[in-house]
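One-letter residues, chain by chain:
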Amino acid sequence: MEVHRLAVAGREAEIARRVGDRVARVWLRTSRFADAKALTNATLMLGPDADAFYHLGQAHACPGE
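So, here is what we can say about the structure in this document. (Residues numbered from 1 in each chain as written. Predicted model: local features only at pLDDT ≥ 70, side-chain atom pairs only at ≥ 80, totals over all residues. Heavy atoms only, no water.)

**Observations concerning the packing of helix H2 (residues 13-29) against helix H3 (residues 33-44)**
Counted only if it meets this: Only the stretch in contact is used when a helix axis is fitted, and all axes are lines through C-alpha atoms; the angle between N-to-C directions ranges over 0 to 180 degrees. Numbering of helices and strands starts at the N terminus; helices are DSSP runs of H or I of at least 4 residues and strands are runs of E of at least 2. Any angle between 65 and 115 degrees counts as roughly perpendicular, while under 35 counts as roughly parallel, over 145 as roughly antiparallel, and the rest as oblique. Rotating anticlockwise by less than a right angle from the far helix to the near helix defines a left-handed crossing, while the corresponding clockwise rotation defines a right-handed one. Here a residue-residue contact requires only that any non-hydrogen atoms of the pair lie within 4.5 Å. Three classes are used: nonpolar for Ala, Val, Leu, Ile, Met, Phe, Trp, Tyr, Cys and Pro, charged for Asp, Glu, Lys and Arg, and polar for all others, with Gly counted as polar.
Running from N to C, H2 and H3 cross one another at 165 degrees; their axes reach a closest spacing of 9 Å. Between H2 and H3, the crossing angle belongs to the class labelled roughly antiparallel. In this structure, H2 crosses over H3, and the sense of that crossing is left-handed. Contact with H2, carried on its side by Ala16, Arg17, Gly20, Val23, Ala24, Trp27 and Leu28, involves Phe33, Asp35, Ala36, Leu39, Thr40 and Thr43 of H3 and no other residues of that element. Residue composition of the contact of H2 with H3, grouped by class: eight nonpolar, three polar and two charged.

**Looking at the nonpolar core**
Let me state the cut-off plainly: Residues grouped as a nonpolar core are buried Ala, Val, Leu, Ile, Met, Phe, Trp, Tyr and Cys residues, joined through side-chain atoms within 4.5 Å. A 1.4 Å probe rolled over the protein chains alone gives each residue an accessible area, and that area as a share of the maximum for its type sets the label: buried under 20%, exposed over 50%, partly exposed in between.
Judged by nonpolar contacts, Val19, Val23, Ala24, Trp27, Leu28, Phe33, Ala36, Leu39, Ala59 and Cys62 together constitute the single largest core of 10 residues. Examining the composition of this core, we find that five residues originate from one element, H2, more than from any other. Apart from residues lying up to four places away in sequence, Ala24 is in contact with Leu39, Thr40 and His55.

**Digging into helix H4 (residues 50-61)**
The following threshold applies: Take the number of residues in a helix, subtract one, and multiply by 1.5 Å to get its expected span. The directions from the helix axis to the C-beta atoms are what the arc is built from.
In this model H4 runs 17 Å from its N-terminal to its C-terminal C-alpha over 12 residues, within 8% of the 16 Å that 1.5 Å per residue would give. Residues of H4 that are buried: Ala52, His55, Leu56 and Ala59. The arc that holds every buried residue of H4, seen down its axis, measures 100 degrees, which confines them to one face. In H4, the exposed residues that point more than 90 degrees away from the buried face are Ala50, Tyr54 and Ala61.

Shown next, in the form of structure tokens:
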């Protein structure tokens, strides 16, 4: 998560996308939907990304979120 945070802060979109994709997959499998939303929103601040949009949609589709 720290690598993702630093990549977003440093405007390193490719690193943020790769790390964000991996982290979001784990968080969605472990029901950390709010965390996955925050992560994907941070990634999307650097520009459009298909994986981030997909993960954000999955997090929004989960019951209770």
